[in-house]
Amino acid sequence: EGRVVGIDLGTTNSLVAYMQGDKPVVIPGVDGSNLVPSVVALDPSPAEGGRPTVTVGNSARRALSETPERVIYSVKRLIGRSFASREVQTAKGRVPYAIKLGPNQQPIIATRAGEFAVPEVSAIVLDHVKNVATSALGEPVKRAVVTVPASFNDAQRSATATAGAIAGLDVLRIINEPTAAALAYGNTRDLREVIAVYDFGGGTFDIS
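Residues numbered from 1 in each chain as written. Predicted model: local features only at pLDDT ≥ 70, side-chain atom pairs only at ≥ 80, totals over all residues. Heavy atoms only, no water.

Regarding the overall build of the chain
Stated precisely, the cut-off is as follows: Only DSSP runs of H or I covering at least 4 residues are called helices, and only runs of E covering at least 2 are called strands; the numbering of each starts at the N terminus. A radius of gyration in this sense is built from C-alpha atoms; the matching globule rule multiplies 2.2 Å by the number of residues raised to 0.38. We call two residues in contact when some of their heavy atoms are within 4.5 Å. The Shrake-Rupley method, run with a 1.4 Å probe sphere, supplies the accessible areas, and residue values consider only the shown protein chains as cover. His residues and chain termini do not enter the charge count, which takes Lys and Arg as positive and Asp and Glu as negative. By convention, the point assigned to a charge is CZ for Arg, NZ for Lys, CD for Glu and CG for Asp.
Helix and strand counts for the chain come out as five helices and 14 strands. Relative to its length of 208 residues, the chain is compact, with a C-alpha radius of gyration of 17 Å against a globular reference of 17 Å. The long-range fraction of contacts in the chain, counting pairs at least 24 apart against all pairs at least 6 apart in sequence, stands at 57%. Within the structure as shown, the chain displays about 11200 Å² of accessible surface, and the carbon and sulfur contribution to it stands at 50%. Positive and negative side-chain charges of the chain, numbering 21 and 20 respectively, have mean locations separated by a distance of 3 Å.

Structure follows, in structure tokens:
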């Protein structure tokens, strides 16, 4: 059914990896860096088909200093949360883009290029790293395991899976980030020990 990739959809950066034999290998982005900034820039000028031009990663992050009103970042802090939540209300005062009340009490992100549900923005990042993997592996990538913070609740995990579906991915599993790190560390080792895994992320800091 095709290769399965692992995606770390991060608050600050994202990355994608695959298994090469029994070894997990991170796939570099278009600029050669393993990390893809989880940043989306939207140009309201219509591209082909009438849709806004979208850039992701370092090019989008560079636009933040020039035209911050068209750049979206840190949406992982919002995913799966209600508009009235403390996290969303705090974010409203810290980001340059507008966050509005949408259907079903969910936040939506309003830009000059249009309005987007939070999973739609995360889907843009997921689609980008999916294309990075497709290009590197030379075959379509349609299945993925996606990691999330250990603190994510069911609504946040469901919204992450929805973002994957929008990006054209069959999300086979949602795995806690520290669990994924422990699995990768112990994958080729015959371990009989207890290890501590720190996930020092841009949005959360977990230990398992």
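Examining the packing of helix α3 (residues 118-137) against helix α4 (residues 154-166)
Defined as follows: Fitted lines through C-alpha atoms serve as axes, helices being fitted only where they are in contact, and the angles separating the N-to-C directions of these axes extend from 0 to 180 degrees. Orientation categories follow fixed angle ranges, with anything under 35 degrees roughly parallel, anything over 145 roughly antiparallel, 65 to 115 roughly perpendicular, and all other angles oblique. The handedness criterion is simple: a crossing whose near helix is rotated anticlockwise from the far helix by less than a right angle is left-handed, and one whose near helix is rotated clockwise is right-handed.
With their axes 8 Å apart at the nearest point, α3 and α4 run at an angle of 55° to one another. Compared by their axis directions, α3 and α4 come out oblique. Our pair here, α3 against α4, has a crossing hand that is right-handed. Between α3, through P119, E120, S122, A123 and L126, and α4, the contact on the second element is made entirely by A159, T160, T162, A163, G164 and I166.

Some details on the nonpolar core
Inside soluble globular proteins, nonpolar side chains tend to come together where they are buried. To keep it simple, the criterion reads: In this description, a nonpolar core means a group of buried Ala, Val, Leu, Ile, Met, Phe, Trp, Tyr and Cys residues linked to one another through side-chain atoms lying within 4.5 Å. Only protein chains enter the accessibility calculation, which uses a 1.4 Å probe. A residue is then buried if its area is under 20% of the maximum for its type, exposed if over 50%, and partly exposed in between.
If you look at the biggest cluster of nonpolar residues, it comprises 48 residues, and the most contacted ones within it are V5, I7, V16, L78, Y97, I99 and I109. For this core, the element with the most residues is α3, which contributes 10 residues. Not counting residues within four places of it along the chain, the set of residues in contact with V16 comprises V5, G6, I7, V25, V26, I27, V129, V132 and A133.

Section: the pairing of strand β8 (residues 98-101)
Within a regular strand, side chains alternate between the sheet's two faces. We apply this condition: The rule for pairing is simple: two strands pair if DSSP sees at least two bridges between them.
Sheet topology places β8 next to strand β9 (residues 107-111); four bridges connect them, and they run antiparallel. The residue bridging K100 from the neighbouring strand is I108, located in β9.

What to know about unusual backbone geometry
Look at S74: it is not a glycine, yet its phi comes out positive at around 60°. Tracing the chain through its elements places S74 in the loop between β7 (71-73) and α2 (86-92). Of note, Q105 is a non-glycine position whose phi angle comes to about 65°, a positive value.

What about the sheet that holds β9?
Ordered in space as β8-β9-β10, the three strands form an open sheet in which the pairing is antiparallel. Of all the strands in the sheet, the pair left with one neighbour each is β8 and β10 (114-117). Between one strand axis and the next, the sheet turns by 35° as a mean value, whatever way the strands run.

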